[in-house]
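# Descriptive structure summary
Here is what each chain is made of, one letter per residue.
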Amino acid sequence: MVTDEDRNYYERRAEREIAMAAATDDPNACASHYALANMYLALAFDEEPCVTG
């Protein structure tokens, strides 16, 4: 079970990853940041992260 503290942390991390994705010109880095953001959001909502690679 995800606590409110955990959820807040994961949401902040997802926001940072999205900001970093928007700030880069490298398509591979952008994709990686979005993948990490998706992982953090899945964790925030207590879902199984979907990791592709």
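Report on the accompanying structure. Values in this document were obtained by computation on a predicted structure and should not be read as measured data. (Residues numbered from 1 in each chain as written. Predicted model: local features only at pLDDT ≥ 70, side-chain atom pairs only at ≥ 80, totals over all residues. Heavy atoms only, no water.)

Time to look at the side chain of E17. Its place among the elements puts E17 in helix α1 (residues 4-23). Polar contacts involving the side chain of E17 include one to the side chain of H33, which spans 2.7 Å. Those residues within four positions of E17 in sequence are excluded, and the remaining contacts are H33, L36, A37 and Y40. (Helix = DSSP H or I, 4+ residues; strand = E, 2+ residues; numbered from the N terminus. Polar contact = N/O pair within 3.5 Å; in protein donor to acceptor, adjacent residues only side chain to side chain. Contact = heavy atoms within 4.5 Å.)

The subject of this paragraph is the nonpolar core. By size, the foremost hydrophobic cluster in this structure holds five residues: Y10, A14, A37, Y40 and A44. Those elements that place two or more of their residues in this core are α1 and α2 (27-44). Per-element tally for this core: the top contributor is α2, with three residues. The contact partners of A44, leaving out residues within four places of it in the chain, are V2, R7, Y10 and E11. (Core = buried A, V, L, I, M, F, W, Y, C linked by side-chain atoms within 4.5 Å. Buried < 20%, exposed > 50% of the residue type's maximum accessible area, 1.4 Å probe, protein only.)

Geometric descriptors of this kind do not, in isolation, establish any biological role.
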